[in-house]
Structures are given as C-alpha cells and as structure tokens.
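# Chain and residue survey
Chain by chain, the residues:
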Amino acid sequence: MYKNLAATLVAACFIAPAFSQTPAPSKPLKIGFVYVTPVTDAGWVHQHDAARKAVEAALGAQVKTIFVENVAEGADAERVIRDLASQGNQLIFTPSFGYMEPTLKVAKDFPNVKFESITGYKTAPNVAVANARYYEGRCLAGIAAGRLATSAGYVAGFAIHEVIQGINAFTLGMRSVNPQATVKVVWLGTWFDPPREREAAMTLFNQGVEVIAFHTGSTAVMTAAQERGKLAIAYHSDMRQVAPDAQVLAVTHQWGSYYTQRAQAVLDGSWKSAALWGGVKESMIRVDSFGPKVPKKVADEVLARQRDIAAGKLHPFRARTALLDNQGHEVLAAGKTLTDAQILTMNFLVQGVQGKLN
C-alpha cells in the first residue's frame, strides 16, 4: 500500500525542477482518485477520501471528482488509471506506492493529464510525487506511550523503510521519557487483513504489552485494544469511534490542503511537476484526538513537542547519546542527526525493539 520512498527519493525533500506550464483546463476540472482498499470509516484510504471531499468543499463548482476504490496494485491499477484518463479526468491522484509504475506508464500516453503519485518517488513532466514524514508523528506517539507504559507492541505490514522509520521513531520517543521501555514487533506481510491484524494484537496483549501501535490499514488493532481494556495508538485517522477508551492519541495524515493546492494549480495553469516530503511543519502530519486515559500534562507535553518539531527544535533522529541498533552496534554518534538520505534508506531497528527485519 503506502510504501516508502526508495533511496533515490533524497531529492524529494526539496521542490523538483519546474517543467513548462500548460494552459489551464476547461472548467469544471475533472479529478480522479484511485484507492487501494475500500473506503472505510478510518484509515489510509479514509484520509485520502477526506482530502477529495476537502477539494470539493474548497473549489466548489470548479471541480468534479470521481474515485475508484479497492484497486489492487499492478495490472488492475494501470487499467483503472488509464480509464480515468480516457474519461477526461485532467488531474489524477494515485495514493499507493504500488501505483507508481502504472501511473508513469499511463502518464506517457496522456501528456496533457497531470498525475500525483502519492508515496511514489519517480517524477515525469506530468507526474509529481509527495509523501509525508510519518515518523515525526510516531515519535510523538512514543512520548505519550512512554509516559503511560513500559512495554509496547507494534503490528507492522512489511519491513520497508517507511515502516522501519516509524517503529524506530516510536521506540526512541518512548525511551526518551522511559529509558527501559521495549517495543515488540509482529510482521504480517500484508497491509490490509483485519482478522490477522486483530490476531496479532491479541497475541501481543497475551505476551504482556501494555500499549500497542500499528502500521496496517484497518481499525482491527484498535478494536482489539478496546476489547482487552488496553491502550492503543491510532494511525492515519482518529479512531475513537471504535476505541473510545483504548485510544491514547491519533497520528493523523492531512492531505486536504496539498490536494487542494495542486488542483488549484491545474485550474490556474501553474501546475508543475515537483517532489515534496512534508511533515508536521507543513501540516501533513498531526498528533491529536487524545483519549480519556491520557492525563492533561501528558497531552500538553506531546503537543509542546509537536510544536518543537514544527519549529525545527526537535528531530526524532537526533542522538542525545550514541544511537545503537538492537544488536548493540552504534549507528549514529552522540550529538549527530540522521540525514534525510539515511532516514529514507533506514534498514536497522534501534535498541529497545524486540524483533528482526524480515
């Protein structure tokens, strides 16, 4: 699903070179969206559909949107993207890493259509890319978790860079306030399988973890925590509707502003291919929606650290002491900060993580 940018995305931390502008399209601007799972009440796709609605609310009659849901990565994705382009959509958002190559292939055949490859890393004259610094929100969630617990679990889809970043940032955040904290990881090998997500969460609870985080696509982990009377970190969306007592906070993804800006750029003829890696500072990542079991002083602390990240005063991967992996090897000297290139290619688990990359 929303897989990490590859090493070649180092340039995506900056705005890519501009390409020639094209005339603004006839109104209304038809915009297509392709979703990798069904539209649900929370989660990755929910946030992108909320962004689609935000575009409609902001631009009104100037735009007309359409979406296709539950589209598998690969051949199905190419077919759907091509159909949307053939139907006259002049801007198409494809928010899943596995859509990157199909998007590029279709874009070659429709040079006058603009494409936004979300979590992709390859640009073209009519293809832009964007992703978010999810690890910033994970660090903040870890701070909250560390104030409330010593043992945590983490249900993860695949051992890709983006997921590894999140596990490590969560662990470092947790250990920054609770140095003895540990995080036990379970790998699923899938992004969206609610029964298996639930089973993994229950297994971790049976092993004694007090709070749980996840990087998968459903709310199954949250509902498991609610049933067991445990704590959980919501991801993508606020999930208090399914875990009103269990939710510690939510690490939410905010795409509405970016999508609206890109649609407006097509409308006024200023759209350019670019690459963006935005985070808390750009309001693409936000921690909010604290649950009832979180003391106010903990929520206030987390929100203060969120402001520090936005201001550049706090970096999740700045080593106060030597940063060690979970095999005891030093990966970063004290006082140093991982570069974007190093974060984008992260392939180790930090000290405190119980598990292996697979």
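Structure: see above.
Residues numbered from 1 in each chain as written. Predicted model: local features only at pLDDT ≥ 70, side-chain atom pairs only at ≥ 80, totals over all residues. Heavy atoms only, no water.

### Considering the sheet that holds strand β4 (residues 114-118)
Put simply, the rule is: Think of it this way: DSSP has to see at least two bridges between two strands before they count as a pair. For helices the rule is a DSSP run of H or I covering at least 4 residues; for strands it is a run of E covering at least 2, with both sets numbered from the N terminus onward. For helices, the fitted axis covers only the stretch in contact; all axes are lines through C-alpha atoms, and the angles between them, taken along N-to-C directions, range from 0 to 180 degrees.
Strand order in the open sheet formed by 6 strands is β2-β1-β3-β4-β5-β11, and the pairing between neighbours is parallel. On the outer flanks of this sheet lie β2 (63-68) and β11 (275-278), each paired with one strand and no other. Averaged over all pairs of adjacent strands, the angle between their axes in this sheet comes to 15°, without regard to strand direction. Pairing between β4 and strand β5 (residues 127-132): 4 bridges, direction parallel.

### Things to note about helix α1 (residues 44-59)
Stated formally: Here the expected length of a helix is defined as 1.5 Å per residue gap, with one fewer gap than residues. Whether a residue is buried, partly exposed or exposed follows from its accessible area with a 1.4 Å probe, protein chains only, as a fraction of its type maximum: under 20%, in between, or over 50%, in that order.
The end-to-end C-alpha distance of α1, which contains 16 residues, comes to 23 Å, matching closely the 22 Å that a straight helix rising 1.5 Å per residue would cover. Listing the buried residues of α1 in full gives W44, V45, Q47, H48, D49, A51, R52, V55 and L59. After α1 finishes, the residue G60 shows a positive phi value of roughly 55°.

### Some thoughts on the sheet that holds strand β15 (residues 353-354)
To keep it simple, the criterion reads: Every residue pair with non-hydrogen atoms within 4.5 Å of one another is taken to be in contact.
An order of β12-β10-β9-β8-β6-β7-β15 is seen for the 7 strands of this open sheet, with the pairing classed as mixed. Taken across any chain shown, the strands that pair with only one partner, and hence form the sheet edges, are β12 (285-288) and β15. With 5 bridges connecting them, strand β6 (residues 151-156) and strand β8 (residues 211-215) associate as parallel partners. By the bridge assignment, V155 is partnered in β8 with F214. Packing of helix α4 (residues 134-148) onto the sheet brings it into contact with β6, β8, β9 (231-236), β10 (247-253) and β12, and relative to β10 it is tilted by some 175°.

### Examining the pairing of strand β7 (residues 182-187)
Just so we agree on the cut-off: Crossovers are marked right-handed if the path from the first strand over the helix to the second runs clockwise, as seen with the strands pointing away from the viewer.
Residues of β7 alternate between two faces, with V183, V185 and W187 buried on one and T182, K184 and V186 left unburied on the opposite face. Bridge count between β6 and β7: 6 bridges; the pairing is parallel. Looking at β7, one finds that G153 is bridged to K184. Following the chain from β6 across helix α5 (residues 161-177) to the adjacent parallel β7, one finds a crossover that is right-handed. Pairing of β7 with β15 involves 2 bridges; the strand directions are parallel. Bridge pairing in β15 links K184 to Q354.

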